[in-house]
Structures are given as C-alpha cells and as structure tokens.
Number of protein chains: 2
Amino acid sequence: MRQLLRVQNFTVSSDGFGTGEHQSRERPFGHAEPEELFAWAGATASWPNRADAAGSRGLDDYFTRDYGRNIGAEIMGRNKFGPQRGPWPDHAWQGWWGDEPPFHTPVFVMTHHKRPSFTLYDTTFHFVGGDPASVLAQAREAARGKDVRLGGGPTVVREFLDAGLVDSLHVAVHPVKLGAGVRLWESPDELLDRFHLDVVPSPSGVTHHVFWRR
Amino acid sequence: MRQLLRVQNFTVSSDGFGTGEHQSRERPFGHAEPEELFAWAGATASWPNRADAAGSRGLDDYFTRDYGRNIGAEIMGRNKFGPQRGPWPDHAWQGWWGDEPPFHTPVFVMTHHKRPSFTLYDTTFHFVGGDPASVLAQAREAARGKDVRLGGGPTVVREFLDAGLVDSLHVAVHPVKLGAGVRLWESPDELLDRFHLDVVPSPSGVTHHVFWRR
C-alpha cells in the first residue's frame, strides 16, 4: 500500500490565512486567536487535547478522529515548532506542547540550523534540512509503512503543494477574516487543476474542504 | 474509556427502508439493489471490499474509513447473516461473504436457533439468543475494550434503539424510494428526543445523518 502525505485539520480564516502576524513565545499564532480558529475541533469528542469524555460526535468529529489514523510520522515547519528564527540560542525550547506532545510519532522539523534530536514522552523531534522531497523520504522511512502527516504551518504546506508531493488535504475554513498573517491560499480554486474537491459546510460554522489527487 | 455501540454506514432509501422484501439466497436485500444502495460507499478508496488502489477520498471516504476504526466485535441479525428462517437445516451456509468476510473480529449473530461457532479467515461467528442487553454484554467482552459495531439489519437496529443501547448512529439516506421492505424509520426525527443530529448532504447524492447520544 502506498504511503500517503496527508494534511489534516488545517484551519484557515475566510480570507485564507493559516496563522496571524507577529508570532511570539506567548502567541504561537500571532494576532490570530487559536481558541477561535480551532473551536470547531476543540468541541469534538476526539480532539487530541481533550481530557474528559464529553464532546460532540457529529460531522466535525469524523475529521478530528481521523487525525492520527494510520499516521507514522509528521513533518512540520520550524515556526510550528517554535517562535525562534536563525541559529538556536540553546536547546531549552522543546515546542509548545508541554511534556506529552499530541503527535506520538517521530516529528521532522524543517530548519536550516542544526540541532540534536530529542524525545518527549512518545514523540521524538528530529531537525532536518534539505528540500521537501528529501524530508519526505526521511519521514516515510520513519513511518514504517504508515502515512505521513504534513502538519504545517502554511508556508510548509505551500512548499509541499508546489513540489506536487501532497496526496490529500483537509482544510477547515473558519468564517472570520484575519486580514494579515501567513497565507495558505487566495482561494481554494487554486488547487483544482491538481485535486478533486468536496466542499462540506458543517453545522459548527466551518466549511470543510477535502482535496484528493486527480 | 467507555465501549461505544456504533451503527456505521447503514444505508436506507429515502422512504426509510434498510432492505427490500422477498429476501432469498440470490438477493440478500430482496427487491432492493445493493449495488445502487451502496454505490456511494463502493466508490470510495476505503470501501472494505475494494481490491484496487483507486476510489475517492472526499467526504464519503471519511465514513467508509471509519467502519473498522476501534471496532472489536459486531452484532448482526440473523437475516443479515443469511436467508434461512427457523431451525438450521444444516451448517453449510457460512454467510454471504465468501472465504474472507470483511469483519475481522468476532461476530454475534442473533438467533433463537442454536448453532456451533465457526471461523472463516479472521472472523469467528457466534450464534446467540437472549435480549439486546445480554448480547451486547457478550460482544463487549469479546471486543476487549474496543467499541462494538451494530451491523443491522433494520429490525436489529430498531431493537437496540428501543432498548436505549445505541451510542452513535450513522445512516446514509439514498435518494430513491423502495416502497416496501423492512423499515428503519418513518423519519429521522423519531430519534431527536434521544440523539443530537448532524445532517450532511454529500456530493455523491446521499445525505449522511450522524446521530450521537444527548
């Protein structure tokens, strides 16, 4: 069975931004409010960060419960991992996620600046340079036959889309404008030459966009 | 984690029938055409009976790929298992599914007529009497902590709904009338006193109904 590269539960504003501007240690999404952007996912029973047994089991839950299904590795950009730019000042920063990151697989952080791998609970972070195809080859090997999730941010998703490496892409469009930040797209129509698209409005207010390769 | 009882990918006609009338060895759904009723599922990449690597990966595929996720046992009615009525004439009939049934877990067939268990590939069929609650207790034990799927037909789904045992229910409504057969409901509204409901039209033509307990 072929190993797919999948984007899952990637949420953008109605004007196409995946994150705001002015990222900092206190604000991983810059001026955007992640609690608002991801409210649709946080309300579901299968949200990976949920601690209780509550939550909805409707349409949106199909998307959150698919997040980890058959995933063996994740690729993320450096700005999803942390707010630093340039060479690492030290190795104290270990991501935004505390002692138990929600990935449970090897994670490949794309950066030009070397840093040793480290493990938190059941997630090992590797820091890798190189082009998207070579990073994907490393992630596929680590995934041991399972699929690879492309975790974002928007810049990294664009790079892999431009390189023709993405097999399926789920984007939830939140019905609020951000006005500025880092853009995934001007319009989902940009991808229609290469992907099929199902557009699915959810009762929660987001509109799910499900793309798969033509 | 609680073990859920889940109905998955159950398909009914627009007038509420889950199967037609006049079931026979040649026609498991009676006068209904399963190829039409389940066309929405058969077109997806994750349809359990698919032999090739093709198929759609849009909205409908989220439903077919959820079919086996975290399922540890199935409960089905006798008429899902076969066309016989009354005492078993012999034990030659082993279901409609050939040498590799798509269940991959223990299956509990509800019947008043005793028959020894048997195994086909990685599916073991058990034949059990008793009320829905006692059958569910047996299936939960066999599922070893995973959820139990309630496989149908419509009569069995109704029995478990009436006993208040169903936690979540996914019904795809096919946009064609059957006119006769075995009914799941007159209208999905019958369940709204006990369940939340998301109604999700699919580009394939079916309308997914996702119910979860209030």
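Throughout, a residue's number is its position along its own chain's written sequence, starting from 1. Working convention: letters from A go to chains and numbers from 1 go to ligands, in the order in which they are written. Where local features are concerned, this predicted model is filtered to residues with pLDDT of at least 70; where side-chain atom pairs are given and counted, the filter is 80 or more; whole-chain, interface and lining totals use all residues. Side-chain measures here rest on the full set of heavy atoms in the structure, leaving out hydrogens and waters.

Colleague: What am I meant to see in the overall build of chain A here?
Modeller: To qualify as a helix, a DSSP run of H or I must reach at least 4 residues; to qualify as a strand, a run of E must reach at least 2; elements of each kind are numbered from the N terminus. For chain A, the count of helices and strands is 6 helices and 11 strands. Taking 17 Å as the expected radius of gyration for a compact globule of 214 residues, we find that chain A reaches 16 Å, a close match to that expectation. Partly exposed describes any residue whose relative accessible area lies between the buried limit of under 20% and the exposed limit of over 50%, with all areas from a 1.4 Å probe on protein chains only and scaled to the type maximum. Looking at chain A residue by residue over its 214 residues, the buried ones come to 50%. Here the contacts in chain A between residues at least 6 apart in sequence split such that 64% fall between residues at least 24 apart. Charge centroids of chain A, computed over 23 positive and 26 negative side chains, lie 4 Å from each other. Restricting the calculation to C-alpha atoms gives the radius of gyration, and the globule rule supplies 2.2 Å times the number of residues raised to the power 0.38. Contact definition: two residues touch when any of their heavy atoms are within 4.5 Å. Positive residues here are Lys and Arg, negative ones are Asp and Glu, while His and the chain termini are left out of the count. Lysine's charge is taken at NZ, arginine's at CZ, aspartate's at CG and glutamate's at CD.

Colleague: Sorry, what's going on with helix α6 (residues 154-162) of chain B here?
Modeller: Because each turn of an α-helix spans 3.6 residues, side chains separated by three or four positions end up pointing in the same direction. Within the span of α6(B), buried status applies to B:Pro154, B:Val156, B:Val157, B:Arg158, B:Phe160 and B:Leu161. Phi for B:Gly164, located one or two positions after α6(B), is positive at around 70°.

Colleague: What am I meant to see in the sheet that holds strand β6 (residues 123-128) of chain B here?
Modeller: Each strand in a sheet pairs with another by means of backbone hydrogen bonds, the pair being arranged parallel or else antiparallel. Residue and element names in this part refer to chain B. Strands were regarded as paired on the criterion that DSSP finds at least two bridges between them. Ordered by their spatial adjacency, 9 strands build an open sheet running β5-β6-β4-β3-β7-β1-β8-β11-β10, and the pairing between neighbours is mixed. Only two strands of the sheet have a single neighbouring strand rather than two, namely β5 (118-120) and β10 (195-201). In this sheet, neighbouring strand axes are inclined to one another by 20° on average, regardless of whether the strands run parallel or antiparallel. Inspection of the sheet shows strand β3 (residues 71-77) paired to strand β7 (residues 147-150) by 4 bridges, in the parallel sense. Within β7, the position partnered with Ile71 by the bridge is Asp147. The strands touched by helix α5 (residues 132-143) within the sheet are β1 (5-13), β3, β4 (107-110), β6 and β7, with β3 carrying the most contacts at an inclination of about 150°. Fitted lines through C-alpha atoms serve as axes, helices being fitted only where they are in contact, and the angles separating the N-to-C directions of these axes extend from 0 to 180 degrees.

Colleague: Whenever I open this one, the interface of chain A and chain B confuses me. Can you help?
Modeller: Accessible area lost upon the coming together of the parts serves often as the stated size of an interface. Contacts between the two partners involve 17 residues from chain A and, on the opposite side, 17 residues from chain B. Note on definitions: buried area is the accessible-area loss of two parts on being combined, 1.4 Å probe, summed for both. Buried area between chain A and chain B, summed over both chains or domains, comes out near 1,800 Å², and the portion from carbon and sulfur atoms is 69%. Interface area lost by chain A to chain B is led by A:Arg57, A:Tyr62 and A:Trp212, which between them contribute 32%. For this document, the term salt bridge refers to a Lys or Arg side-chain nitrogen within 4 Å of an Asp or Glu carboxyl oxygen. Taking the shortest distance from any N to any O, the salt bridge between A:Arg65 and B:Asp66 comes out at 2.6 Å. Listed by contribution, the elements that provide at least two residues to the side of chain A that touches chain B are α3 (59-65), β10 (195-201) and β11 (207-213) of chain A. In terms of residues, the side of chain A that touches chain B owes the most to one element, α3(A), which gives 4 residues.

Colleague: Before we go on, may I ask you to explain the UniProt feature "domain: Bacterial bifunctional deaminase-reductase C-terminal" (unreviewed entry) in chain A in this structure?
Modeller: UniProt positions are given in the numbering used here, feature names are shortened, and annotations may be inferred rather than shown by experiment. Residues annotated by UniProt as "domain: Bacterial bifunctional deaminase-reductase C-terminal" (unreviewed entry) correspond here to residues 9-187 of chain A. Between the C-alpha atoms that bound residues 9-187 of chain A the distance is 17 Å, and the span itself is 22% helix and 23% strand.

Colleague: Mind showing me how you'd approach the relation of the copies chain A and chain B here?
Modeller: Note on the chain copies: they are related by a rotation about an axis and a translation along it. Least-squares fitting of one copy onto the other uses the C-alpha atoms of those residues that reach a pLDDT of at least 70 in both copies. By a simple turn and slide, chain A fits onto chain B: the slide is 0.0 Å along the axis, the RMSD is 0.0 Å, and the turn is 180°. Viewed as a symmetry operation, the transformation between the two copies matches a two-fold axis. No C-alpha of chain A approaches the rotation axis more nearly than that of A:Tyr62, which lies at 3.3 Å. Same-surface contact between copies: 100% of interface residues of chain A are shared with the interface of chain B.

Colleague: Would you mind going over the environment of A:Asp66 with me for this structure?
Modeller: Looking at the element boundaries, A:Asp66 is found in the loop between α3 and β3 (71-77). Residue A:Asp66 is classed as buried on the basis of its relative accessible area of 3%. Note: C-alpha distance between A:Asp66 and A:Asp147 (81 residues apart in sequence) is 12 Å. Residue contacts for A:Asp66: discarding those within four places in its chain leaves A:Arg6, A:Gln8, B:Tyr62 and B:Arg65.

Colleague: What am I meant to see in unusual backbone geometry here?
Modeller: As a rule of thumb, non-glycine residues mostly have phi less than zero, and peptide bonds are mostly trans rather than cis. A cis geometry characterises the amide bond from A:Gly152 onward to A:Gly153, with omega recorded as 0°. With respect to the helices and strands, the residue A:Gly153 is situated in the loop between β7 (147-150) and α6 (154-162). Backbone geometry places A:Arg144, a non-glycine residue, at a positive phi of 50°. Looking at the secondary structure, you find A:Arg144 in the loop between α5 (132-143) and β7. Its identity as a non-glycine residue notwithstanding, B:His22 has a phi of 70°, on the positive side. Locating B:His22 in the fold gives a position in the loop between β2 (17-19) and α1 (34-37).

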